[in-house]
Amino acid sequence: MDLVPVLEEPLKKVLGPPTAKVMAEHLGLHTVGDLLHHYPRRYAERGELTRLAELPLDEHVTVVAQVATARVLRFNGGSGQRLEVTITDGSGQLQLVFFGRGIHKPHKDLLPGTRAMFAGKVGVFNRKMQLAHPAYQLLTADSSEDAAETVGSWAGALLPIYPATAKLESWKIAKAVDLVLPSAREAVDPLPESLREGRGLVPLTEALLKIHRPGTKADIADARARLKWDEAFVLQVALARRRFADTQLSAAPRVAKPDGLLTAFDEKLPFTLTDGQQKVSKEIFDDLATEHPMHRLLQGEVGSGKTMVALRAMLAVVDAGGQAAMLAPTEVLAQQHHRSITEMMGELAQGGMLGGAEHSTKVVLLTGSMGTAARKQALLDLVTGEAGLVIGTHALIEDKVHFHDLGLVVVDEQHRFGVEQRDALRSKGKQPPHLLVMTATPIPRTVAMTVFGDLETSVLDQLPAGRSPIASHVVPAADKPHFLARAWERVREEVGKGHQAYVVCPRIGDDEDEKPKKGGKNAAKKQSAEDEAEKRPPLAVLAVAEELAHGPLQGLRVEVLHGRMHPDDKDAVMRRFAAGETDVLVATTVIEVGVNVPNATAMVIMDADRFGVSQLHQLRGRVGRGAAPGLCLLVTDMPEAGPARARLGAVASTLDGFELSRIDLEQRREGDVLGQAQSGVRSSLRMLAVIEDEEIIAEAREEATRVVTADPELAGLPGLRTALDALLDEEREQYLDKG
């Protein structure tokens, strides 16, 4: 982050090629500076043991524990032997196993009473947690060279436990850090001195030394406080500079004319907008009226009416003589938006056609799979300005697509688009068009500041009138198979009342590549109940649809929908479902966003534990969209005590998407959440926790805005410029926008 030549030195020069290769491939560490910013995950006190009862399954862990028992067992009629070692922390036990010739050294080293650090992947055998062939490092001072070196290299009371890998254990990383730690003195401090002193933060050099080799817990606290500020501040400065650059661009103001298309549309709405929709619309219209391009994020609850707000903004731009484009991530969603927008607009969408209203425009669809004639006509309508609104997929950003006067770009589901695509569409305007980004996944405030910090944020947290409550329940199919039978009865009951249902599966199921890999002869025997639920291939649309049509849902009209179908077939299936000609739609997550069938009241999600929290919330939002209450059943084979069931319980317990997004972030690794939202953040946020550190992020944003407003080029802050260059290096080029 604060790389200067010494810190830019490649690790292979310092550590040698073999170790450097493992660090690069498995930990993403390439330079001395990268390694200095690879912080310990936690610290073990010399006399303290790790809590073995809380180890996560299938993860690579490092534990400090004491040997309780060690015994050699023979098998295969005495020809094979294995060493079983039980280690303890006083609260729980963990079994270690070593096989064959690999047992001699551990048999000699791991005597009862010995304390050591052990590293390996947590597995299960005969329902007991175990580490097979773990690496270990003794923590007892005896005459062995290894042990003496260990005690020497960790003379302090606190042992750093680093994020490690099967190829490189924590203690080997610690030794590598010892070699580069003197270089920490060369680190250039990115924080302005007044900010650092005003907040009582230690200098960067001191923070790096204390985080890797703390003498006391107070040292760790000082170092963490300082390093969190670095991450928050440098990232917020990058975002503030981007916002500042945007304010320097000029755009054509777009103001809706009175008694134009927007007024005509509002007059024909069969309902009144919610207070939230009116408030957010005002924010957007105010932005559209300025001479600088709007850059706004519109986020809201599933079904809060974001599309309505976006459509009104698009109509205002058409009123002002411009064109508006909506970019959707999938053809299904583009077709769905096109269908629902033309239906909502009625004769207002028939510009240039017989029966079109006085104030009307043409709404065209542009996708990659359209026929040549339809495509040619759509392109012509765009270049002449005949079409005021266009809804499309990536096909919109191809070179041959030209607009008459593009005034607004609406991007649906931002995280599915990269910067190149967003900018390619923006470059099609005579001047930079206004930009509205919609996300259907509610985002906690601090994540919005961190991931979408270059955009102003509008939040819709109020559901329109007429929305019905959705009851959600977890169906434990493995423990209670009769619950699943009851779920299918409930689907039949809903259909009997004239309603429709979705059944969602994680997989399509017609692809050879999707078949599970077969294990060895004894694989099945070795799996516990948890393992079996995990290792079984996910349920597939085609198999489940077949089973339901000939089993519990026999006699109902069952159809399938998935991403590998031809676009025309997908559209036909959706039309039949929307028209009520299909009772049950068995689908993949293609129905996750934007699909609107008010008559669908029930949803059964198979293998619900295979979906993320926000994805489950998205899917659930497809029901309860009409007058009848919705029902969402989360089917799982996972045991009651596991984290997967806790996650499903959280989804079932609340309909508040913002609350669920917090739970999601707390339960998952932060890097996963941020990494999915925006590549690059994962590699830059090592210390900052975006939920816990809400205050730091908010304060850093204010400080960053102040610094950038006073000195946009950061001429007076060379250390900060260096840190920014490192954050935005070529590998993570323009990462602030990557989707």
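Scroll up a little and you will see the structure.
Cut-off values and rules
Residues numbered from 1 in each chain as written. Predicted model: local features only at pLDDT ≥ 70, side-chain atom pairs only at ≥ 80, totals over all residues. Heavy atoms only, no water. Buried < 20%, exposed > 50% of the residue type's maximum accessible area, 1.4 Å probe, protein only. Helix = DSSP H or I, 4+ residues; strand = E, 2+ residues; numbered from the N terminus. Pairing = 2+ DSSP bridges. Right-handed = clockwise from strand over helix to strand, strands pointing away. Axes fitted to C-alpha atoms, helices over the stretch in contact; angles between N-to-C directions. Contact = heavy atoms within 4.5 Å. Salt bridge = Lys/Arg side-chain N within 4 Å of Asp/Glu carboxyl O. Phe/Tyr/Trp six-rings, centres within 6.5 Å; stacked < 30°, edge-to-face > 60°. Core = buried A, V, L, I, M, F, W, Y, C linked by side-chain atoms within 4.5 Å.

*Asks:* Explain the pairing of strand β11 (residues 362-366) to me, and be specific about the residues and the numbers.
*Replies:* If a strand is regular, its side chains alternate between the two faces of the sheet. In terms of burial, β11 is a largely internal element, 5 of the 5 residues being buried. The side-chain alternation of β11 yields two buried faces, one formed by Lys362, Val364 and Leu366 and the other by Val363 and Leu365. Two strands pair when backbone bridges link them, and β11 and strand β12 (residues 387-392) are joined in this way by 5 bridges, in the parallel orientation. For Lys362, the partnering residue across the bridge sits in β12 and is Ala387. Each parallel crossover has a hand, and for β11 linked through helix α14 (residues 372-384) to β12 it is right-handed.

*Asks:* Which residues make up the pairing of β12, and what values go with them?
*Replies:* Counting buried residues in β12 gives 6 out of 6 residues, a clear majority hidden from the surface. Of the strand pairs in this sheet, strand β10 (residues 323-327) and β12 are connected by 4 bridges, and their pairing is parallel. What sits directly across from Met326, in β12, is Ile391.

*Asks:* So what's going on with the sheet that holds strand β21 (residues 630-636)? Which residues, and what values?
*Replies:* Across a sheet, paired strands are connected by hydrogen bonds in the backbone, their directions being either parallel or antiparallel. If you trace the 6 strands from one edge of the open sheet to the other, you get β16-β21-β20-β17-β19-β18, paired in parallel fashion. Bordering the open sheet on either side are β16 (470-476) and β18 (558-561), each of which pairs with just one other strand. Recorded for the sheet is a direction-independent mean angle of 20 degrees between the axes of neighbouring strands. Helix α21 (residues 567-578) rests against β17 (500-504), β18, β19 (584-587) and β20 (600-605) of the sheet, and its axis sits at about 140 degrees to β18.

*Asks:* Can you tell me about the sheet that holds β11, naming the residues and giving the values?
*Replies:* In space, the 7 strands of this open sheet follow the order β11-β12-β10-β13-β14-β9-β15, with parallel pairing throughout. Each edge of the open sheet carries a strand with a single partner, namely β11 and β15 (456-460). Each strand axis lies, on average, 20 degrees off the axis of its neighbour in the sheet, ignoring direction. Against the sheet, α14 contacts β10, β11 and β12, and its axis sits at roughly 130 degrees relative to β11.

*Asks:* Kindly report on the pattern of salt bridges, identifying the contributing residues and their values.
*Replies:* Counted under the stated rule, the structure contains 34 salt bridges. The partner of Lys228 in a salt bridge is Asp693, with the nearest N and O atoms 3.0 Å apart. With a gap of 465 residues between them, Lys228 in helix α9 (residues 217-248) and Asp693 in the loop between α26 (681-684) and α27 (694-710) connect regions that are remote in the sequence. For the residue pair Lys228 and Asp693, the accessibility class agrees, reading buried in each case. Taken together, the shared-partner salt bridges connect Arg486, Glu489, Arg490, Glu493, Glu494 and Lys497 into one network.

*Asks:* Give a description of the packing of aromatic side chains that names residues and reports values.
*Replies:* Per the counting criterion, the structure on display carries 3 aromatic pairs. An angle of 85 degrees between the planes, with centres 6.4 Å apart, marks the rings of Phe98 and Tyr136 as edge-to-face. With Phe98 in strand β4 (residues 93-99) and Tyr136 in strand β7 (residues 135-138), this residue pair connects regions lying 38 residues apart in the sequence. Since its relative accessible area comes to 3%, Phe98 is described here as buried. Overall, Tyr136 belongs to the buried group, its relative accessible area being 16%. Members of the aromatic cluster, joined through ring pairs, are Phe98, Phe118 and Tyr136.

*Asks:* Tell me about unusual backbone geometry, and please be specific about residues and values.
*Replies:* A positive phi angle, near 55 degrees, is found at Asp259, a position not held by glycine. Tracing the chain through its elements places Asp259 in the loop between α9 and α10 (261-268). Non-glycine residue Leu714 carries a positive phi angle of around 55 degrees. Within the secondary structure layout, Leu714 lies in the loop between α27 and α28 (718-727).

*Asks:* So, helix α8 (residues 204-212): which residues are in play, and what are the values?
*Replies:* Taken together, the buried positions of α8 are occupied by Leu204, Ala207, Leu208, Lys210, Ile211 and His212. Contacts made by the buried residues of α8 are with α3 (32-36), β1 (42-45), β8 (158-161), α6 (170-180) and α9.

*Asks:* Report on the nonpolar core, specifying residues and quantitative values.
*Replies:* Counting residues in each nonpolar core, the largest one holds 57 residues, and the members touching the most others are Phe233, Leu366 and Phe403. Of the residues forming this core, the biggest block, 9 residues, is contributed by α9. Leu269, Met314, Met326 and Ile391 belong to the second largest nonpolar core, which has 39 residues in total.

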